[in-house]
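# Structural characterization, general
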Amino acid sequence: MGEYKIRPYIMTDISEITTFEHDVIIVGAGGAGLRAAIESCHQGLSTGVVCKSLLGKAHTVMAEGGMAAAMGNVDARDNWKIHFRDTMRGGKFLNNWRMAERHAKEAPDRVRELEEWGAVFDRTLSGLISQRNFGGHRYPRLAHVGDRTGLELIRTLQDYAIHQGMKCYMECTALDLLKDGERVSGLVGYFRETGRFVIFKAKAVVFATGGAGKAWQVTSNSWEYTGDGYGMAYEAGADLMDMEFTQFHPTGMVWPPSVRGILVTEGVRGDGGILLNNKGERFMFGYIPPKFAAETADTVEEANRWLAGDKSARRPPELLTRDVVARAINAEVKGGRGSPHGGVFLDIASRVPADVIKKKLPSMYHQFKELAELDITKEPMEVGPTCHYFMGGIRVDPDSQMSTIPGLFACGECSGGMHGANRLGGNSLSDLIVFGRLAGLGAKEYVRSLKNSPRINESQVFSIIKRATSILNREKGTNPYLVHEDLQKVMQDNVGIMRQEEEMKKALIELERIKESVSQVKAEGTSQYNAAWHKALDLRNLLISAEAVTRGALMRQESRGGHARLDYEGERDEWLAYNVVSRKGSDGKMVVEKIKRPEPPEELKKIAYAKIEDLEIGKI
Amino acid sequence: METITLKIKRQERPEAPYYWEDFKVSYTPGMTVTALLTQIQKKPINDRGEATQSVVYENGCCQGACGACTMLINGRPRLACSTIADHLSAPIVLEPLTKFPVIRDLVVDRSRFFNDLIRASSWISSDFNNPDAGLVIPSESIQKSYRELSSCTFCGSCLEACPQYNSRSSFVGAAVIGQIRLIHLLPMGRMEASQRLSIMMEEGGVEDCGHVGNCVKACPEGIDLRSAIARIEREVTVEAVRRLLG
Ligand SMILES: Cc1cc2nc3c(=O)[nH]c(=O)nc-3n(C[C@H](O)[C@H](O)[C@H](O)COP(=O)(O)OP(=O)(O)OC[C@H]3O[C@@H](n4cnc5c(N)ncnc54)[C@H](O)[C@@H]3O)c2cc1C
Ligand code: SF4
Ligand code: FES
């Protein structure tokens, strides 16, 4: 087993740039990156993983609620078809059909495989993997480990990946891709500690870099979520797809201010929590969309029976999909019925005994105790929407996960298609392990098919490094922290939960102005562990992500899932036929276009639009 | 607006000498130490009004889940993202962990921790489709212990608090032993137990534990490391006897 060094080398000569060579380089050590690495190692490829934080600290560790897989352990009526149907309905039928199909079919095996590698999920009384309720899922479907599912997933995958021979380059940030003609030949990055540049030469590159929530002020995302994968892929000429679909999770903390945005897991509602306005009304009953009315409880009495375990009762409206709940909360607050700090109340204290809360939601209990000095077993929480997840991302082939650039693959949150217009809770963790594996397999196929190794082009390396060092070298310039705040405010104010043309046009003008500031950004000091420099380097990617979201949102003249427009209310059927794609034009400016979606296979269409009863009895 | 003083132990490079620098930052009740540090990053001006290099610190999830942000806060190892300034006595003194080499300011090099985890093989290496590694139905009590031990975020607080863990010894420390215990709770983990126990018998293994118990007090997850260590000690003894008897 090789030594792991977080500080790899002491630089002796400025001009000396180390090159590491692997068959496959994976950027990102979250669930998707690690699962891809395992597959790549298992296929006998030399595999390197580059990640900008320490191993084990990737965004995935924050995941709380669980991963969705139709194992049918808690309710035997569940099967892949119903999971598929739920996913399509949640995604407002804009999901890539093939991806949603593979996801629903393969997730159970991927979850079981984790147990072979040392994970242990919570159990039912009869010893099976337990599954919990979540918004948009017809049956209890989320395999979980208390409310710390991400930690278990990451630990299991990283332990196993290391033993499979993955080589890891930690605290190393990828800057840009290298290409040999049309195809990928590697990338340039820098080690955060020393600021030293490094070349990774590879036959295939897999991006598993996550999303870009840090473009908004209120977000559940960590500092890592600056859209690096989107930025790098875009610059290299890849297509980004569905970027207008940003998920605002309905329940983030709203108080105290320094923790605003931190997630309150949907598990609180799954386990019985209810939403109340300042009049004490359970307001979600007033926001049930017609499409979901047949499957949602319309009285408090029925909702309570559901919680008590009555299988004939329909699900409470608090468990409608995230886009619906987030907009309802937004409307309550705007209507003057909000809580003191601009949210609404989430009450589990009066619904579930204290010891059960502590057992099922331990980290929520601690999070509120430590950060808000509030005991959730005694008092209601205050919650409001927070920017949470990017449904869109790098456009990939549904089977191989290859992007529009030969040799560049993408999986996990940074890829697009699987979740359509809105992701169901729990469908991300399962997405990571299903498509992480497929990306590993796709990379193998591609690497095997190559006739010769791609070559590194030195002038590309030089220009990447020049862009990075100019931030340190310029005499004076803009402050990266202030530029970032500026960008966040523009997006929060103009491209939030409810959108309209005027505001988005204004945002585009502001983004042009910010582009100017980004090109003049200055970090004081040297490249040695310089946080301001790191921040400055992230800005380009944040800006590309923000622009793609805004342009996509402006183009899509309808409201669907995570994209809601005041000036174009409701879903418009003509838009169901299109995805919006953005890419870098030949003049260097962003081009957005509508592309026609392929027709779904009849069989899948039948399942997606089936009556639930027919699927339950196996008629379809 | 109120202000609060942070007294920070700083160091520019691994070999450089350290120095102290004070910062006055604006403060509203409920702010975490991480939130205070972010303020310095945005405007790196010390309490004498001089512009200075921004303070570097580790940070990840900001919700107590990843263990990246451990530092000494008023002398105790704590997670900066989950420590609210309201109850800390001022000035708030921030120092990097002392058991690892400093990289810069509050950032330390935790390679030793990673290497020990790998050395002790506390990470499972079962093969794909290993027939014996299939699904297990753990008992309630195993689930409970497992749950507790698996909540480790590798924050390193237990190592910081341990008098036996230092640059003169090769002791692996409580967290690593906890992970071994975790794996030995599972059938497929036990398949390779002998190999792991060999390492626990060597220098730096479980016998280096001085039973001071600081680790238990320091752990933000409240993991009962003391009993995990006791269990591994017993496993080592049984293994030694077994080997003696051949
Ligand atoms: C608080 C919270 C709770 C959640 N709970 C759930 C849940 O219960 N169920 C569910 O299904 N989903 C949940 N999600 C969503 C889910 O966790 C994420 O979508 C998912 O973990 C993303 O995983 P990933 O592998 O794509 O990327 P990540 O885990 O985010 O990993 C990204 C990796 O890329 C690296 N990286 C990024 N840019 C660079 C660069 N330039 N150079 C080098 N490395 C780079 C990072 O260091 C990191 O290792 C939650 C999200 C949040 C924020
Ligand atoms: S055992 Fe506790 S103190 Fe030690 S690393 Fe794990 S979480 Fe931190
Ligand atoms: S930042 Fe993750 S635990 Fe503090």
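Below you will find a few notes about this structure. What you see is a predicted model; the values in this text were computed from it and never measured.

Rules used in this analysis
Residues numbered from 1 in each chain as written. Chains lettered and ligands numbered in written order. Predicted model: local features only at pLDDT ≥ 70, side-chain atom pairs only at ≥ 80, totals over all residues. Heavy atoms only, no water. Helix = DSSP H or I, 4+ residues; strand = E, 2+ residues; numbered from the N terminus. Rg over C-alpha atoms; globule rule 2.2 N^0.38 Å. Contact = heavy atoms within 4.5 Å. Areas by Shrake-Rupley, 256 points an atom, 1.4 Å probe, with all protein chains shown as cover. Lys, Arg positive; Asp, Glu negative; His and termini not counted. Charge placed at Lys NZ, Arg CZ, Asp CG, Glu CD. Buried < 20%, exposed > 50% of the residue type's maximum accessible area, 1.4 Å probe, protein only. Pairing = 2+ DSSP bridges. Near = heavy atom within 4 Å. Polar contact = N/O pair within 3.5 Å; in protein donor to acceptor, adjacent residues only side chain to side chain. Nonpolar A, V, L, I, M, F, W, Y, C, P; charged D, E, K, R; others polar. Salt bridge = Lys/Arg side-chain N within 4 Å of Asp/Glu carboxyl O. Buried area = accessible area lost by both parts, 1.4 Å probe. Axes fitted to C-alpha atoms, helices over the stretch in contact; angles between N-to-C directions. Parallel < 35°, antiparallel > 145°, perpendicular 65-115°, else oblique. Phe/Tyr/Trp six-rings, centres within 6.5 Å; stacked < 30°, edge-to-face > 60°. Lys NZ or Arg CZ within 6 Å of the ring centre and 35° of its normal.

Below, the discussion takes up the overall build of chain A. In terms of regular secondary structure, chain A is built from 18 helices and 20 strands. Over its C-alpha atoms chain A spans a radius of gyration of 23 Å, differing by no more than 12% from the 25 Å that the globule rule assigns to 620 residues. Overall size of chain A, expressed as C-alpha extent along the three principal axes, is 70 × 50 × 50 Å. Pairs at least 24 residues apart make up 74% of the contacts formed inside chain A by residues separated by at least 6 positions. Summed over all atoms, the accessible surface of chain A reaches about 21000 Å², with 51% contributed by carbon and sulfur. Between the mean site of the 83 positive side-chain charges and the mean site of the 82 negative ones, chain A shows a separation of 1 Å.

Our focus in this paragraph is the pairing of strand E8 (residues 183–191) of chain A. Within a regular strand, side chains alternate between the sheet's two faces. All names here are of chain A. The buried count for E8 comes to nine of nine residues, which makes it a mostly enclosed element. Pairing of strand E7 (residues 172–180) with E8 involves eight bridges; the strand directions are antiparallel. Bridged to Leu177 within E8 is Leu187. What sits between E7 and E8 in their antiparallel hairpin is a turn of two residues, with Gly181 showing a positive phi close to 65 degrees. With five bridges joining them, E8 and strand E9 (residues 197–207) adopt antiparallel strand pairing. From the neighbouring strand, Tyr190 faces E9, where its bridge partner is Phe197. The hairpin turn running from E8 into E9, its antiparallel successor, is five residues long, and Gly195 in that turn takes a positive phi close to 75 degrees.

With that out of the way, let us pick up the site of ligand 1. Residue and element names in this part refer to chain A. The immediate surroundings of ligand 1 are formed by 42 residues, with Thr60, Gly65, Glu224, Tyr225 and Asp228 found nearest. With respect to ligand 1, the backbone of Ala32 contributes an N or O atom lying 3.0 Å from an oxygen atom. In this structure, Ser428 approaches ligand 1 through a side-chain N or O atom, which is 2.9 Å from an oxygen atom. Burial of ligand 1 by the surrounding chains reaches 99%, relative to a free accessible area of 1000 Å². Every element with two or more residues in the shell around ligand 1 is listed here: helix H1 (31–42), E7, helix H5 (228–235), strand E14 (381–390) and helix H12 (427–449). In terms of residue count, the dominant contributor to the shell around ligand 1 is H12 (four residues). Considered class by class, the residues forming the shell around ligand 1 number 17 nonpolar, 19 polar and six charged.

Residue and element names in this part refer to chain A. Taken in spatial order, the four strands line up as E15-E10-E19-E20 in an open sheet, and their pairing is antiparallel. Single-partner strands in this sheet number two, and they are strand E15 (393–394) and strand E20 (590–596). In the sheet, strand E10 (residues 240–241) pairs with E15 via two bridges, with the strands oriented antiparallel. Of the residues in E15, the one forming a bridge with Leu240 is Ile394.

Quick look at the pattern of salt bridges now. Tallying each qualifying case throughout the model produces 72 salt bridges over all chains. For Arg110(A), the salt bridge identified is with Glu113(A), shortest N-O distance 3.0 Å. Taken together, the residues span about one helical turn, with Arg110(A) and Glu113(A) both in helix H3 (residues 97–116) at a distance of three residues. Both residues of the pair, Arg110(A) and Glu113(A), count as buried. Linking Arg10(B) and Asp105(B) is a salt bridge whose minimum nitrogen-to-oxygen distance equals 3.0 Å. On the criterion of sequence distance, the pair formed by Arg10(B) in strand E1 (residues 2–11) and Asp105(B) in the loop between strand E6 (102–104) and strand E7 (107–108) is long-range, its members being 95 residues apart. Across this residue pair, the class does not change: Arg10(B) and Asp105(B) are buried. A single network of salt bridges, built from pairs that share partners, joins Arg98(A), Glu101(A), Arg102(A), Lys105(A), Glu106(A), Asp399(A) and Arg437(A).

Next up on the list: the side chain of His83(A). By the secondary structure assignment, His83(A) is in helix H2 (residues 80–90). In contact with His83(A), not counting residues within four places along its chain, are Ala68(A), Ala69(A), Ala70(A), Asp78(A), His103(A), Ala104(A), His137(A), Arg141(A) and Asn427(A).

Right, let's get into the sheet that holds strand E3 (residues 67–68) of chain A. In a beta sheet, neighbouring strands are held together by backbone hydrogen bonds and run either parallel or antiparallel to one another. Residue and element names in this part refer to chain A. Read across the sheet, three strands follow the order E3-E5-E4 without closing on themselves; strand pairing throughout is antiparallel. What marks the edges here is a single partner per strand, and that holds for E3 and strand E4 (131–132). Strand direction decides the pairing type here: E4 and strand E5 (residues 142–143), joined by two bridges, are antiparallel. Each bridged residue has a counterpart across the sheet, and for Gln131 the counterpart in E5 is Ala143.

What follows concerns the interface of chain B and chain A. On the chain A side, the residues contacting the 66 residues of chain B number 60 residues. Roughly 5400 Å² of surface becomes buried between chain B and chain A when both sides are summed, with 56% attributable to carbon and sulfur atoms. Taken together, the links from chain B to chain A amount to three salt bridges. Of the charged contacts, one joins Glu485(A) and Lys42(B) as a salt bridge, the two residues approaching to 2.7 Å between their closest N and O atoms. Counting across the interface, chain B meets chain A through 20 residue pairs in polar contact (both at pLDDT 80 or more). Elements with a contribution of two residues or more to the side of chain B that touches chain A: helix H1 (33–42), E6, helix H2 (111–119), helix H3 (140–149) and helix H5 (174–184) of chain B. Of the residues forming the side of chain B that touches chain A, the biggest block, four residues, is contributed by H2(B).

As a further point, take the packing of H5(A) against helix H16 (residues 531–555) of chain A. For any two helices packed against each other, the geometry is given by the interaxial angle and the distance between the axes. All names here are of chain A. Between H5 and H16, the shortest axis-to-axis distance is 8 Å and the interhelical angle comes to 80 degrees. Here H5 is positioned roughly perpendicular relative to H16, judged by the angle of their axes. Residues Asp228, Tyr230, Gly231, Met232, Tyr234 and Glu235 of H5 pack against Asp538, Arg540, Asn541, Ile544 and Ser545 of H16.

By the element assignment, Glu524(A) lies in the loop between helix H15 (501–519) and H16. What makes Glu524(A) exposed here is its relative accessible area of 55%. Sequence separation between Glu524(A) and Leu319(A) is 205 residues; the distance between their C-alpha atoms is 49 Å. Beyond its immediate chain neighbours, meaning those up to four positions away, Glu524(A) contacts Asn530(A) and Gln53(B).

With that out of the way, let us pick up unusual backbone geometry. The peptide bond linking Trp255(A) to Pro256(A) adopts the cis configuration, its omega dihedral lying at -5 degrees. With an omega dihedral of -5 degrees, the bond running from Ala90(B) to Pro91(B) counts as a cis peptide bond. Non-glycine residue Tyr529(A) carries a positive phi angle of around 25 degrees. Its place among the elements puts Tyr529(A) in the loop between H15 and H16.

Right, let's talk about the packing of aromatic side chains for a bit. All names here are of chain A. This structure, assessed with the given rule, holds 17 aromatic pairs over all chains. Ring geometry for Phe283 versus Tyr287: centroids 6.2 Å apart, planes at 90 degrees, classification edge-to-face. Overall, Tyr287 belongs to the partly exposed group, its relative accessible area being 25%. Chaining the aromatic ring pairs together yields one cluster made of Trp216, Tyr230, Phe248 and Phe390. One cation-aromatic arrangement involves Arg89 over Phe292; the distance from NZ or CZ to the ring centre is 4.9 Å. The ring of Tyr169 carries Lys167 above its face, with NZ or CZ at 5.2 Å from the centroid.

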